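Listed here are the chains, written in short residue letters.
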Amino acid sequence: MTTETSTPPAAESRWKVDSTASNKCGVTLMNNQVGAVVAEVMSRHENVTVTKLPSMIRVDGIGNLTFDFDEISDALGSEFDQSDFEEIMSTHYGRMVHFDDKTMLFSSPEEAAEYIDFDLVEVPR
């Protein structure tokens, strides 16, 4: 009788370093009552991943993210605006553009440039 033992492949760490472009953008929110509602609203959107951790909530999107303050206000049952968003957000990655009624994040600086009147100049190599 022969017994074969195989070692299962090591689980890949979600914290590994990868310097390739991810086409993602995102924020880290406080894991409190308001942050949980914002994360719930964002989890309903396509291409959005919400990761709940003990003291924070990660909201990551592919391409871009839009935090629509009217949609969030409806879910909260009270007014939600830019100052509330800044209060619960501790970090972000991607290009962030603020409007009166929403905040958008973009993985691509070219897409963000369209909204902020920034002319990207190609640098010769």
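Computed from a predicted structure; not experimentally measured.

Read across the open sheet, the 4 strands follow the order 2-3-1-5; overall the sheet is antiparallel. Of all strands in the sheet, those with a lone pairing partner are strand 2 (48-52) and strand 5 (89-93), marking the two edges. Geometrically, the sheet is characterised by an average inter-axis angle of 15° between neighbouring strands, direction not taken into account.

What follows is about the side chain of T28. Counting through the fold element by element, T28 comes out in strand 1 (residues 24-30). Look at T28 and you get buried, because its relative accessible area is 5%. A polar side-chain atom of T28 sits 2.9 Å from a polar atom in the side chain of T91. The contacts of T28, once residues within four sequence positions are left out, are M56, I57, R58, I88, M89, S90 and T91.

Here the focus is the pairing of strand 7 (residues 102-106). Within strand 7, 4 of the 5 residues are buried, leaving the element largely enclosed by the surrounding structure. With 5 bridges connecting them, strand 4 (residues 64-68) and strand 7 associate as antiparallel partners. Bridge pairing in strand 7 places D68 opposite K102. By the bridge criterion, 4 bridges tie strand 6 (residues 95-98) to strand 7 in an arrangement that is antiparallel.

Side chains that differ in charge, positive against negative, can pair when their charged atoms come close. Under the defined criterion, the tally for this structure stands at 2 salt bridges. With a closest N to O distance of 2.6 Å, R58 and D60 form a salt bridge. Take R58: its relative accessible area is 23%, and that puts it in the partly exposed class. On the accessibility criterion, D60 (14% relative accessible area) is buried.

Reading guide: rules and limits
Residues numbered from 1 in each chain as written. Predicted model: local features only at pLDDT ≥ 70, side-chain atom pairs only at ≥ 80, totals over all residues. Heavy atoms only, no water. Pairing = 2+ DSSP bridges. Helix = DSSP H or I, 4+ residues; strand = E, 2+ residues; numbered from the N terminus. Axes fitted to C-alpha atoms, helices over the stretch in contact; angles between N-to-C directions. Buried < 20%, exposed > 50% of the residue type's maximum accessible area, 1.4 Å probe, protein only. Polar contact = N/O pair within 3.5 Å; in protein donor to acceptor, adjacent residues only side chain to side chain. Contact = heavy atoms within 4.5 Å. Salt bridge = Lys/Arg side-chain N within 4 Å of Asp/Glu carboxyl O.

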